[in-house]
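Analysis of the macromolecular model
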Amino acid sequence: MQTEVRDAIAPQEIERRRNFAIISHPDAGKTTLTEKLLLYGGAIQQAGSVKARRSQRHATSDWMAMEQQRGISITSTVLQFEYQNCLLNLLDTPGHQDFSEDTYRTLAAADNAVMLIDAAKGLETQTRKLFEVCRLRSLPIFTFINKLDRPSMSPLELIDEIERELGLSTYVINWPIGTGDQFQGIFDRQHQQVHLFQKSGDHGTRKATDTIIAANDPRIESLVGENLYHQLQEELEILDSLGPTLDLEAVHRGQMTPVFFGSAMNNFGVELFLKSFLEYGLKPTPHESNKGKIDPTYPEFSGFVFKLQANMDPKHRDRIAFLRVCSGKFEKDMVVNHARTGKTVRLSHPQKLFAQERDTVEVAYPGDVVGLNNPGTFAIGDTVYIGDKLIYPSIPSFSPELFAYLRNADPTKYKNFNKGVTELQEEGAVQILHSTDESKRNPILAAVGQLQFEVVQFRLVNEYGVETYLEALPYSVARWVTGGWDILDKVGRLFNTFVVKDRWERPVLLFKNQWNLDQVKGDHPELELSPIALPPTTEKA
Ligand SMILES: Nc1nc2c(ncn2[C@@H]2O[C@H](COP(=O)(O)OP(=O)(O)OP(=O)(O)O)[C@@H](O)[C@H]2O)c(=O)[nH]1
């Protein structure tokens, strides 16, 4: 075990970092907003290049050819960029909702979430689901309501929906003046300024310079039109009288969300959002561990793995573990302790995962994410540390919604089949359950979306040389039995329920629908059922 105590890291390296993930429903504009943020950060010269780089990479990738065929993104990266001397880490997640398990895990490594909403649609299913995951972690949420240049719901209605349905209080930082064809700009309540909207002729591929005028400038009425001007005055009065003041502590506890309006495509409202996010967003936060909260200023290096990904570069058949740095300074080639195995590991070839480009990382600080070479060393949730033994909490699995037996088409390849299934399970590509009937050996794939199945089958052929077929099971809800097998034995037979076991041999109940689940809950109030599962704690230090 390494005993050398390192120097405390420069506090400004922690102070200037902000780490966040974007949660949204497909099509709300996540890619567009990401590109605009990178544009302001100077990480790219022209919006559109992230997508372009992605597709270049697709051309050289094999299993990710699926992404290209379907025009979806399965992989995720971490985009690091600087703005006004702050360093932002955007934990980018797959766009497609079938891969939301991946997003759930990524949220475990995020300090802040940006909730992106399409102004015409309001809250949508995927956003609600991801919001629930953020709530579990009490993540601060910054809301950006997008596409104001298109016909939208009323802004007051949008705010009301967030408050009512998510139980989140709102504080409006900027307010739209008109929407759709009538969209004239936004009112910045904090600086008492109006930013006039100009449609960007080039789809906002370059940075925009807003025309800003002071709120008391007499020209505003004529610039935005008499009707909208009066409407704005009325709405601002409503906001002033109803809305609470910005309570930063409540924001940081995830109970109040600062709200911004804009149009990512037109680069409008994006910079104002970015500036406020830097001001109010949480800096790298302390993380719970077996030794209590570990502050980012703790001088020893520590971090945890939140995601694994294989074959990002098919030429090398590589496997990457995404490590979130929690404390101390990460240095290339450092030797660290691996909490789960008790072994020491040299962290060689660390990578920065900007879009699809890889750069070697020499140093990294709390809030950063580093890509580590992973020839099977790391599993999701693993802690690495220097100094006193630390263990960060495991990363939960969420209820899958689709289930199918996976059958091996060629029994002579059973070894490859088993290896492939085990490795894909460890990587978190899919959850695996098993029937309690020993004669039924085939694993049950359990996923959030159909495409997860397809990726597993595709990769089993491409990486393990095994053809498989699926036999769908008619269930849509899974619940872990908190009390284990004993309580289940006491309860006796359950109707309309399929009892299976997870990879740790714990009981899981599958239901056809919510109604069946509610019925079982009603009939057996003594059964404690959980939609979330944590790996069993193998060790306490
Ligand atoms: N009118 C208008 N269109 C927008 C705006 N922002 C994004 N869009 C369009 O909305 C569509 C979806 O945007 P994307 O950025 O691809 O959305 P996404 O959320 O990344 O989508 P997924 O990849 O499916 O998750 C695209 O056609 C964008 O051009 C906006 O401010 N105004």
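In this text, all values refer to a predicted model and were calculated from it rather than measured experimentally.

Some details on helix H11 (residues 270-280)
- Here H11 lies mainly inside the structure; 8 of its 11 residues are buried.
- Those residues of H11 that sit buried are Val270, Leu272, Phe273, Leu274, Ser276, Phe277, Leu278 and Tyr280.

Here we look at the side chain of Ser263
- Examined against the element boundaries, Ser263 turns out to sit in the loop between strand S11 (256-261) and H11.
- In contact with Ser263, not counting residues within four places along its chain, are Phe144, Asn146, Lys147, Leu148, Asp149 and Phe268.

Remarks on the packing of helix H12 (residues 414-427) against helix H13 (residues 450-464)
- In contact at an axis separation of 10 Å, H12 and H13 are set at 125° when each is read in the N-to-C sense. What the angle tells us is that H12 and H13 run oblique. In this structure, H12 meets H13 at a crossing whose hand is right-handed. For the pair H12 and H13, the contacting residues are Asn416, Lys419, Gly420, Val421, Glu423, Leu424 and Glu427 in the first and Val456, Arg459, Leu460 and Tyr464 in the second.
- Looking at the contact of H12 with H13, its residues break down into 5 nonpolar, 2 polar and 4 charged.

Focus: the nonpolar core
- Core analysis: the biggest nonpolar cluster contains 63 residues, and Leu107, Met115, Ile145, Trp175 and Phe261 have the highest contact counts within it.
- It is helix H9 (residues 226-242) that contributes the most residues to this core, 5 residues altogether.
- Each of domain 1 (24-280) and domain 2 (298-385) accounts for three or more of the residues forming this core.
- Met115 has contacts with Ile23, Thr127, Phe131, Ile141, Phe142, Thr143, Phe144, Ile162 and Leu166, leaving out every residue within four places of it along the chain.
- Within the second largest apolar cluster, 30 residues are counted, among which are Leu37, Phe81, Cys86 and Phe142.

Comments concerning the site of the ligand
- In the region of the ligand, 16 residues are neighbours, and Lys30, Thr31, Thr32, Asp149 and Ser263 sit closest.
- One of the backbone nitrogen or oxygen atoms of Gly29 is found 3.0 Å away from an oxygen atom of the ligand.
- Interatomic distance of 3.1 Å between a backbone N/O atom of Ala264 and an oxygen atom of the ligand.
- Protein chains bury 76% of the 650 Å² of accessible surface belonging to the ligand in isolation.
- Broken down by element, the residue count for the shell around the ligand peaks at 3 residues, all from helix H2 (residues 30-40).
- Broken down by class, the residue content of the shell around the ligand amounts to 4 nonpolar, 6 polar and 6 charged.

Cut-offs and rules
Each residue is numbered by its place in its chain's sequence as written, counting from 1. Only residues with pLDDT of at least 70 get local features here, since the model is predicted, and only at 80 or more are side-chain atom pairs given and counted; chain-wide, interface and lining totals rely on the full set of residues. To obtain the side-chain values, all non-hydrogen atoms of the structure were included, while hydrogens and water were left out. A 1.4 Å probe rolled over the protein chains alone gives each residue an accessible area, and that area as a share of the maximum for its type sets the label: buried under 20%, exposed over 50%, partly exposed in between. By the criteria applied, helices consist of DSSP H or I runs no shorter than four residues and strands consist of E runs no shorter than two, each listed in order from the N terminus. Two residues form a contact once any of their heavy atoms are found within 4.5 Å. Axes here refer to lines fitted to C-alpha atoms; in helices the fit is confined to the stretch in contact. Angles between the N-to-C directions go from 0 to 180 degrees. Put simply, angles under 35 degrees are roughly parallel, angles over 145 are roughly antiparallel, angles from 65 to 115 are roughly perpendicular, and the rest are oblique. Here a crossing is called left-handed whenever its near helix is offset anticlockwise from the far helix by less than a right angle, and right-handed whenever the offset is clockwise. In this classification, Asp, Glu, Lys and Arg are treated as charged, Ala, Val, Leu, Ile, Met, Phe, Trp, Tyr, Cys and Pro as nonpolar, and every other residue, Gly included, as polar. Nine residue types can take part in a nonpolar core, namely buried Ala, Val, Leu, Ile, Met, Phe, Trp, Tyr and Cys, and a core is a set of them joined through side-chain atoms within 4.5 Å. Domain start and stop positions are those given by an automatic or database domain assignment. By convention in these notes, a residue is near a molecule or strand provided one of its non-hydrogen atoms lies within 4 Å of it. For this analysis, a polar contact is any N or O atom pair within 3.5 Å, provided that within protein one partner can donate a hydrogen and the other can accept it, and provided that sequence-adjacent residues contribute only side-chain to side-chain pairs. Areas reported as accessible are Shrake-Rupley estimates using a 1.4 Å probe. Residue values count occlusion only from the protein chains shown.

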